[in-house]
Amino acid sequence: MRTLSSTRRRYLSNFLAIALAISGLQFVFVVPASAITPTAPSLSWTSTSMTGLTGSGWGVATSANGAVVFIATSPTAQLSTNYGVTFSPVSATTNKFNGWMMNAAMSADGQKIFYASGRTIIYSHNGGSSWTETAAGPSDAIWGLSASSDGTKLIAGFAGNGYMSSENSGVSWSWVNTGTRTLISISDDGSKILVVVNGQAPKVGPIGGTLTSLNIGNTTAQADWRAAVYDSTCTR
């Protein structure tokens, strides 16, 4: 996730999902079977229905300018290339939902799009024209997914144990065992990752390198982390 003041995109992945694109302050608010997109400054809302959906939109990602909107929902993810005015189903994701969580991420130009559910990751490197499916990490559920602005580096945290990273746009992944639920985020340039292991202090560092713990006081022993937020440089 990204803080609004210092980046162009924001992802939230949970039972209700919101994505924000700072260019024009476009918002995408997802509820079952529909997407609602307002535009600043009046913030009037427009509702767009998506056919054939029975689940909720749990993960949303947008391009930097808000033109491309990807919604990870069940039974089929949805993709818009016109600022959310209309959506088309992404058949490669049909029935891939594992019954708990879905996640979405996207490069700033909207060309690299990522869907995750369970340990399955489905990605496109050409704006949704074609898709590739892979599986990585333990037999677990991906809790969060975050991509650098160019979409070459990604990090995924698991609900049960550890996190994994990719430095080739999701083609291959490396897993790190943390022993428990792990939340993650990545800086816009991909040079830093934020790793938050349940019950531990957050850590920051490079992919595959040494992570440094952040001193946030004496509350980490009982911390039940649920979200990780940072600025575009992963320094705040």
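In this text, all values refer to a predicted model and were calculated from it rather than measured experimentally.

In this section: the side chain of Asn-161. In this fold, Asn-161 is placed in the loop between strand S15 (154-158) and strand S16 (163-166). In this structure Asn-161 comes out as buried when scored by relative accessible area, which is 19%. One polar contact links the side chain of Asn-161 to the main-chain amide nitrogen of Thr-178, over a distance of 3.2 Å. One polar contact links the side chain of Asn-161 to the main-chain amide nitrogen of Gly-179, over a distance of 2.5 Å. Those residues in contact with Asn-161 that sit more than four places away from it in its chain are Pro-138, Asp-140, Trp-175, Asn-177, Thr-178, Gly-179, Thr-180 and Arg-181.

Next up on the list: the sheet that holds strand S12 (residues 120-124). Here we have four strands laid out as an open sheet, ordered S10-S11-S12-S13, and antiparallel in their pairing. Of all strands in the sheet, those with a lone pairing partner are strand S10 (102-106) and strand S13 (132-135), marking the two edges. Neighbour-to-neighbour, the strand axes of this sheet turn through a mean angle of 20°, independent of strand direction. Note that S12 and S13 share four bridges and pair antiparallel. From the neighbouring strand, Ile-122 faces S13, where its bridge partner is Glu-133.

What counts, and at which threshold
Residues numbered from 1 in each chain as written. Predicted model: local features only at pLDDT ≥ 70, side-chain atom pairs only at ≥ 80, totals over all residues. Heavy atoms only, no water. Helix = DSSP H or I, 4+ residues; strand = E, 2+ residues; numbered from the N terminus. Buried < 20%, exposed > 50% of the residue type's maximum accessible area, 1.4 Å probe, protein only. Polar contact = N/O pair within 3.5 Å; in protein donor to acceptor, adjacent residues only side chain to side chain. Contact = heavy atoms within 4.5 Å. Pairing = 2+ DSSP bridges. Axes fitted to C-alpha atoms, helices over the stretch in contact; angles between N-to-C directions.

These values are about where atoms sit, not about what they do.
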